[in-house]
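Chain by chain, the residues run as shown.
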Amino acid sequence: MHHYVFLIWQCLLIAVTTPASIKSNGIICNELGENILSEILGPAFNSRYMSIAEPPQDDFFDDDLLDNEDSTMGKRKVGLVPPFYVEDDYAREIADEPAWSVNHVAAVPPVQQSRKRRSAAGRHGKGASRQWECESRITWIDLGPDYFPRYLRSVECTSKTCWYGHYKCKPRSFTVKILRRKTGRCTVAKAGNKIGVVGLPSDLRELWVWEERAVNFCCDCAV
């Protein structure tokens, strides 16, 4: 009896002290932590279109809430994520420090929406009122645990046709680069490899690759 208790205790001890790992063809390879993945992602991360943690489901910001300076709900919602759109003259210094030392995941831009832009964002949320416009909404897409960042923010066309049904509503897109885990695959980190300024241990690690994905920014009434 004491022998079995000892074996159970040893198994529990191994489970607690062993770092998170995955199997690749029977071989154990260590997971890359969020801090390492963030360093790899670097300046490719943009909090306007990406989120590592699960973002708020309601992505619509009501103009009345934005205008009400005393509204606790308005301040809370506005502070969650930066606006999807910016003005055409937008320019901002990310950080007053050397470019190679900036943590881009932590450097979230402030929320600064003008009256003109707020109204545009409101129209996207409420839908189009003219026949040559397409109804749309800004939404978050969950790519699953094999992507980093896991969540992408994109515009979804909520109407299928426009101009009295003669034309179709089609999304227009740009691309972003994110990381994708190749499940069941491990790779060896070569000696001396650097991720930013942090060295990666030379052992088996799960394999992550770069992937370019489309992000919709509007819906056009087109043929």
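Residues numbered from 1 in each chain as written. Predicted model: local features only at pLDDT ≥ 70, side-chain atom pairs only at ≥ 80, totals over all residues. Heavy atoms only, no water.

Engineer: Describe unusual backbone geometry, listing the residues and the values that go with them.
Structural biologist: Following Phe148, the chain continues into Pro149 via a peptide bond in cis, with omega recorded as -5°. Although it is not a glycine, Trp163 adopts a positive phi angle of roughly 45°. As for its position among the elements, Trp163 is in the loop between strand 7 (161-162) and strand 8 (167-188). On the basis of relative accessibility, which here comes to 36%, the residue Trp163 falls in the partly exposed class. Not every positive phi belongs to a glycine, and Tyr164 is a case in point at roughly 60°. For Tyr164, the position within the fold is in the loop between strand 7 and strand 8. Classification of Tyr164 by relative accessible area gives exposed; the value is 58%. (Helix = DSSP H or I, 4+ residues; strand = E, 2+ residues; numbered from the N terminus. Buried < 20%, exposed > 50% of the residue type's maximum accessible area, 1.4 Å probe, protein only.)

Engineer: Which residues make up the confidence of the model for the chain, and what values do they have?
Structural biologist: Model confidence for the chain is summarised by a mean pLDDT of 74, while 61% of its residues fall at 70 or above. The least confident element of the chain, judged by mean pLDDT, is helix 3 (residues 63-67) at 34; the most confident is strand 5 (residues 147-148) at 97. For the stretch residues 59-79, pLDDT sits under 50, and the model shows 29 contacts to residues farther than four places along the chain or on other chains. (pLDDT = per-residue confidence, 0-100. Contact = heavy atoms within 4.5 Å.)

Engineer: How would you explain the pattern of salt bridges if you had to name every residue and give the values?
Structural biologist: Enumeration over the complete set of coordinates arrives at seven salt bridges. Here Glu211 and Arg180 are joined by a salt bridge, their closest N and O atoms 2.4 Å apart. Separated by 31 residues along the polypeptide, Glu211 in strand 11 (residues 204-222) and Arg180 in strand 8 bring together distant segments of the chain. Taking the relative accessible area as the measure of exposure, Glu211 reaches 17% and is therefore buried. For Arg180, a relative accessible area of 25% translates into the label partly exposed. Notably, a salt bridge pairs Glu206 with Arg181, separated by 3.1 Å at the nearest N-O pair. In this pair, Glu206 sits in strand 11 while Arg181 sits in strand 8, placing the two residues 25 residues apart along the sequence. Accessibility expressed as a relative area gives 2% for Glu206, which makes it buried. (Salt bridge = Lys/Arg side-chain N within 4 Å of Asp/Glu carboxyl O.)

Engineer: How would you sum up the packing of aromatic side chains? Please name residues and give values.
Structural biologist: Each aromatic ring pair is characterised by the separation of its centres together with the angle its planes make. Tallied over the entire structure, the rule returns six aromatic pairs. Relative to Phe174, the ring of Tyr49 lies with its centre 5.0 Å away and its plane at 65°, an arrangement referred to as edge-to-face. Remark: Phe174 occurs in strand 8 and Tyr49 occurs in the loop between helix 2 (34-41) and strand 3 (50-51); sequence separation between them is 125 residues. An angle of 35° between the planes, with centres 6.2 Å apart, marks the rings of Phe174 and Phe217 as tilted. You can see Phe174 sitting in strand 8 and its partner Phe217 sitting in strand 11, a full 43 residues away along the chain. According to the relative accessible area criterion, Phe174 is partly exposed, its value standing at 27%. (Phe/Tyr/Trp six-rings, centres within 6.5 Å; stacked < 30°, edge-to-face > 60°.)

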